[in-house]
Amino acid sequence: MGELQSALDALAAEDLFALAPGAVLERTTALLQVVNRANAELTRTVRHADSTGAAEHDGKKTVASWLRGHGHLSAGEAGRLVRSGRALEHLPATAAAFAEGTVTASQVAVIAPIAGEAERAAADEQDVDLGVIDRALVAVAHGEAHDRLAQVVHHYREALDPDGTEPDPTEGRSFRISRNGDSGVSGDYRLDAVGGEKVMAALESMVQANRPQGDDRTRAQQLADALVQLCDNALASGGLPKLRTVKPQVVLNLDIDDLIDPATGPGAARTGFGGQISAARARWLACDASISRIVMGPDGVLLDLGRDHRVVTPGLRKAVELRDGHCVFAGCGAPTYWCDVHHLVHWIFGGETSLENSGLLCERHHTKVHHGFRVERDPGGKWHTYRPDDTEILIGPLLV
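Given the structure is predicted, the values throughout are model-derived calculations rather than measurements.

A. Representation of the sheet that holds strand β5 (residues 276-277) within the structure. Spatial strand order, β3-β4-β5: three strands in an open sheet with antiparallel pairing. Both edges of this open sheet fall to β3 (252-253) and β5, since each of them pairs with a single strand only. Alignment of strand β4 (residues 269-271) against β5, held across two bridges, turns out to be antiparallel. The residue of β5 that forms the bridge with Arg270 is Gln276.

B. How the structure looks around the packing of aromatic side chains. This structure, assessed with the given rule, holds one aromatic pair. For the pair Phe329 and Phe373, a centre-to-centre distance of 5.8 Å together with 55 degrees between the ring planes defines the contact as tilted. Note that Phe329 is positioned in the loop between α14 (314-324) and β10 (339-343) and Phe373 in the loop between α15 (363-369) and β12 (374-377), a separation of 44 residues in sequence.

C. Inspection of the side chain of Asp50 at higher detail. The residue Asp50 is located in helix α2 (residues 21-52) in this model. Reaching out from Asp50, the side chain makes a polar contact with the side chain of Arg86 at a distance of 2.7 Å. For Asp50, the residues in contact, after removing those within four places along its chain, are Val63, Val82 and Arg86.

D. Quick peek at unusual backbone geometry. In this structure, Asp127 takes a positive phi of about 55 degrees despite not being glycine. One can find Asp127 in the loop between α7 (117-125) and α8 (130-142). When its relative accessible area of 71% is taken as the criterion, Asp127 is described as exposed.

E. Spotlight on the pattern of salt bridges. Applying the stated criterion across every chain yields a total of 13 salt bridges. The network of salt bridges with common partners includes Arg47, Asp50, Arg86 and Glu89.

F. Region of the structure containing the nonpolar core. Ranked by size, the top nonpolar core spans 23 residues in total, and within it Leu91, Ile114, Leu137 and Tyr156 carry the most contacts. Of all the secondary structure elements, the ones that give two or more residues to this core are α4 (75-88), α5 (92-100), α6 (105-111), α7, α8 and α9 (149-160). The element that contributes the greatest number of residues to this core is α8, accounting for five residues. Not counting the four nearest positions on each side in its chain, Tyr156 is found in contact with Ile114, Ala123, Val128, Leu130 and Ile133. One finds Cys327, Cys332, Leu360 and Trp383 within the second-largest nonpolar core, a separate group that totals 22 residues.

Rules of the game
Residues numbered from 1 in each chain as written. Predicted model: local features only at pLDDT ≥ 70, side-chain atom pairs only at ≥ 80, totals over all residues. Heavy atoms only, no water. Pairing = 2+ DSSP bridges. Helix = DSSP H or I, 4+ residues; strand = E, 2+ residues; numbered from the N terminus. Phe/Tyr/Trp six-rings, centres within 6.5 Å; stacked < 30°, edge-to-face > 60°. Polar contact = N/O pair within 3.5 Å; in protein donor to acceptor, adjacent residues only side chain to side chain. Contact = heavy atoms within 4.5 Å. Buried < 20%, exposed > 50% of the residue type's maximum accessible area, 1.4 Å probe, protein only. Salt bridge = Lys/Arg side-chain N within 4 Å of Asp/Glu carboxyl O. Core = buried A, V, L, I, M, F, W, Y, C linked by side-chain atoms within 4.5 Å.

Okay, structure coming up:
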């Protein structure tokens, strides 16, 4: 292990700018193979620890729990590593290719289910040579159709039991979400074919709806935005089940001094699920929200609890929607149900909660307006959008 660490130190000391493009790519190829081989050895070691109960040495019941606590792996990563190790005992071709560095850890995880106990029993009953299947899947992983490996594995497993009972789709669904400190959340999910189709159809409808001109974000960014918008619509509709007698909503806790201070105030507001956002972002959300006053004493004792005050009434929102019709930011036609009611002059700074002081903005452009851009409505009823440098964003004629 010391020699391995020394080799890595030597690699890290190399000047990559001294390499020609071809040499950089050759180095990348070699490192990918090294990573695969290292993962293979890790999987073999984890399997040995799993089969010998080595985790008990550190007071852990399973090697998966040891990997979570000592290796800092997520539950999903630890589980996949353990399952791959168990499967490779029955898949010599995959194990050999992994050890040589020609297949990846993720490919091994995709192949591993064919070596499950139920799958092996079904293969034995039907005189299926698992070794032949093993070698065939390695060929797929090596070939040009490597991106279809999961489909090939799925077809094989279905063929083992073509007349079996249809599995409950909810049994195979999973969704994990975790907080990344105070910077946001991340997660992973797994859905059955029909469930996945429903999610993709819903998200695609949001992505393909009328979006702002010049939206050059990546596909991943657009899908993430669509997911947030889908949840935003569901929360706004009022049709979701109540949580302990209260309808689900975004909850923020913010000191009054930070609320009225125009400074950004990073980390000043805390969300109901434990995240932290800036005071500036909290003020943006407060444009269209219910405000509750809670006065606490120096010893943390509640002194006063004020009534909820709805900043934008349902009636005012309807009037703003009827007048504006869509997001008023230049070049955007996002529909009303995607939009917040924005105070042109924030109510914190004396702006009235009125039709004249309101405008519809989608989430993306509401954020822009709270970060330097601004929108104004002239006496003739036309909306204008200005950049932080006070230049107006003008939409030119369509090119034919």
